[in-house]
Amino acid sequence: SMLSHANIVQTFDVGESEGSYFIVMEFVDGTSLKHLIDYRHERDKLIPIGSAIRFIIEACKGLDYAHNAVDVRQRPLNIVHRDISPPNLLVSVRGEVKVVDFGLAKAASQLEVTDPGVVKGKFSYLAPEAVMGLPVDHRADIFALGIILWEMLTGKRLFYGENEYQTVQLVEKCHIPPISALNQLVPPVLDDIIYKALVKD
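Residues numbered from 1 in each chain as written. Predicted model: local features only at pLDDT ≥ 70, side-chain atom pairs only at ≥ 80, totals over all residues. Heavy atoms only, no water.

### Here's the deal with helix 5 (residues 164-173)
Then step 1. All of the buried residues along helix 5 are Thr167, Val168 and Val171. Axial view of helix 5: buried residues confined to an arc of 100 degrees, hence all on one face. Residues of helix 5 that are exposed and point more than 90 degrees away from the buried face comprise Tyr165 and Lys173.
Then step 2. Close packing links the buried residues of helix 5 with helix 3 (128-131).
Then step 3. Its side-chain oxygen placed 3.1 Å from the backbone nitrogen of tyrosine 165, asparagine 163 serves as the N-cap of helix 5. (Buried < 20%, exposed > 50% of the residue type's maximum accessible area, 1.4 Å probe, protein only. Helix = DSSP H or I, 4+ residues; strand = E, 2+ residues; numbered from the N terminus. Arc of directions from axis to C-beta. Contact = heavy atoms within 4.5 Å. Polar contact = N/O pair within 3.5 Å; in protein donor to acceptor, adjacent residues only side chain to side chain.)

Dropping the structure here:
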């Protein structure tokens, strides 16, 4: 609720009514990035390179704000989203991109401590350190954005096994097929940026 940024869905209020808790959030008139990707895939089309880059840039703006957020005493909140994936990036009808669902977010101010070795987030978009149960920081969110951009530019899933165990193994191995072999329109400089985001260590 302390986060207020154009690229993050705003939380207005948290309350309780008749024993049920609720969150009042900003309404985004649009759809998720997952829906856009699926819509294009059903028509054998990729999201245009320029649009894919812009979606990621806007998501980066929101996450950079969250990663560097401070409290009223200017102490870092150390927020890590931990669940960056296409369903959690919303695109409005006006083309705005907003990060949503900080439900798994880790922050310095949180009351609960995650049990060591507990994996949180969608397996296909986790960083290798996350699937190994190691501590994660803002780089895990950057890794997830790298996966999403790779998938938008190739039309393929990067880490997707027949079951969750196989998916986790693929993330641990962190083999990244070259984008140029799957989409020759992707310039080498963009290939380099994605590989930097997807470095295993």
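### Comments concerning the confidence of the model for the protein chain
Then step 1. A residue-level look at the protein chain finds 91% of positions with pLDDT of 70 or above and a mean pLDDT of 88.
Then step 2. Below a pLDDT of 50 lies the segment residues 111-118, which in the model reaches three contacts outside its immediate sequence neighbourhood of four places, other chains included. (pLDDT = per-residue confidence, 0-100.)

### Section: the pattern of salt bridges
Then step 1. By the definition in use, this model includes nine salt bridges.
Then step 2. A salt bridge links glutamate 26 to lysine 98; the shortest N-O distance between them is 3.0 Å. Here lysine 98 lies in strand 5 (residues 97-99) and glutamate 26 lies in the loop between strand 2 (20-25) and strand 3 (30-32), a separation of 72 residues in the sequence.
Then step 3. Of the charged contacts in the structure, one is a salt bridge between lysine 34 and aspartate 38, with a shortest N-O distance of 2.7 Å. Of this pair, lysine 34 and aspartate 38 both sit in helix 1 (residues 33-42), separated by four residues, roughly a single helical turn.
Then step 4. Assessed through its relative accessible area of 38%, lysine 34 is described here as partly exposed. (Salt bridge = Lys/Arg side-chain N within 4 Å of Asp/Glu carboxyl O.)

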